[in-house]
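If you want the building blocks of each chain, they are given just below.
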Amino acid sequence: MTTTIIRTIEELRKTVSRWRSMGGRVAVVPTMGALHEGHLSLVRAALAGTDWVIVTLFVNPRQFNSADDLTTYPRTENEDLAKIETTGAHVLYAPNLEDMYPPGFATTVQVGGVSQGLCGSHREGHFDAVATIVTKLFLQTGADIAYLGEKDFQQLHVVRRLAHDLDIPIEVVACPTIRDADGMAMSSRNTRLSAEERKIASHLPTILFETAKKLSGGLEPREAIAEAQQRLRTAGFAGVDYLELRSEAELSSLDQLDRPARLLGAATVGGTRLIDNVAVKPLPKLATSG
Ligand code: PAF
């Protein structure tokens, strides 16, 4: 099946209203392109769960923290389209910059709470820009369900929060992180790593998974995290932005593993900043007598 490329809001709205007149549910998979197996797994989940699937491709300049990161971000629209066609998604919506940010654009969606800390402390304005563009994409597509990856776990919380708080009638479905054979979470930025950097980078998931196991085995969170931070430095990471235990459901900081949690980390290798997170099973509740 061929995927139709749509570049304007008008054409997108016409297409979606035609679908609506035929019935069925509409999904959106927001992306910035440079698609890999992680993105394609979201598209496949969307195709399995709904009737009409829109993949969006927009490299949102406002969510980048450095001009360098933006200019070196991979742009591979033709390859992206070819990959999407293999899945059978119906539309690739690739709006241009002027349509997304017309002259005079002056609105920001700012999500409090879950945007704070973690990447929010290291990437000023990043989540405001993500929240604003995702809100626009949700309103432009009018989709019933959005599919997002757990790899960007804080982003997932930000998107859930904004949809709920702004009464956007969309369900946000989280899909598991897809990993390469060396354990690395798939990411468009991984292509920037040299072979040597990649070896160092692959310690991030290894250390996260091993630390999660130790935490679920009863090691005290403060101790487990200090040890993991030391291991990351020894492995060759130039810097560790954070390594934190947060609750799975609210993303609140945890100093006790008393509920389902996530261990989230961000670390830099060479000039590349990587993020990852893993689930941490809570400690079994002690039986109370009497
Ligand atoms: O995760 C991404 O690729 C982006 O942050 C998103 C959600 C497409 C918004 O630009």
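The notes below deal with the structure included here. (Residues numbered from 1 in each chain as written. Predicted model: local features only at pLDDT ≥ 70, side-chain atom pairs only at ≥ 80, totals over all residues. Heavy atoms only, no water.)

1. Considering the site of the ligand
Here's step 1: Taken together, Pro30, Thr31, Met32, Gln63, Ile133, Val134, Asp152 and Gln155 make up the full set of residues near the ligand.
Here's step 2: Side-chain polar atom of glutamine 63 to an oxygen atom of the ligand: 2.7 Å apart, as the coordinates give it.
Here's step 3: The protein chains hide 89% of the 290 Å² of surface that the ligand would expose on its own.
Here's step 4: If you list the elements that add at least two residues to the shell around the ligand, you get β2 (26-31) and α7 (126-141).
Here's step 5: Among the residues forming the shell around the ligand, the class breakdown is four nonpolar, three polar and one charged. (Near = heavy atom within 4 Å. Polar contact = N/O pair within 3.5 Å; in protein donor to acceptor, adjacent residues only side chain to side chain. Areas by Shrake-Rupley, 256 points an atom, 1.4 Å probe, with all protein chains shown as cover. Helix = DSSP H or I, 4+ residues; strand = E, 2+ residues; numbered from the N terminus. Nonpolar A, V, L, I, M, F, W, Y, C, P; charged D, E, K, R; others polar.)

2. So, the packing of helix α10 (residues 203-216) against helix α11 (residues 221-235)
Here's step 1: Packing of α10 against α11 leaves a shortest axis separation of 10 Å and a crossing angle of 160°. Comparing their axes, α11 and α10 come out roughly antiparallel. Here α10 runs over α11; the crossing is right-handed. Listed contacts from α11 to His203, Leu204, Ile207, Glu210, Thr211, Lys214 and Leu215 of α10 are Pro221, Ala224, Glu227, Ala228, Arg231, Leu232 and Ala235. (Axes fitted to C-alpha atoms, helices over the stretch in contact; angles between N-to-C directions. Parallel < 35°, antiparallel > 145°, perpendicular 65-115°, else oblique. Left-handed = near helix turned anticlockwise from the far one by under 90°. Contact = heavy atoms within 4.5 Å.)

3. Quick notes on the sheet that holds strand β7 (residues 239-247)
Sheets are built from strands paired through backbone hydrogen bonds, the pairs being either parallel or antiparallel.
Here's step 1: If you trace the three strands from one edge of the open sheet to the other, you get β7-β8-β9, paired in antiparallel fashion. The open sheet has two free edges, formed respectively by β7 and β9 (272-280), since each of these has just one partner strand. Neighbour to neighbour, the strand axes of the sheet diverge by 10° on average, direction disregarded.
Here's step 2: Of the pairings in the sheet, the one linking strand β8 (residues 261-269) to β9 comprises nine bridges and is antiparallel in character. Note that in β9 the partner of alanine 266 across the bridge is isoleucine 275.
Here's step 3: Running at roughly 25° to β9, α10 makes contact with β7, β8 and β9 of the sheet.
Here's step 4: With respect to the sheet, α11 is in contact with β7 and β8, its orientation differing from that of β7 by roughly 150°. (Pairing = 2+ DSSP bridges.)

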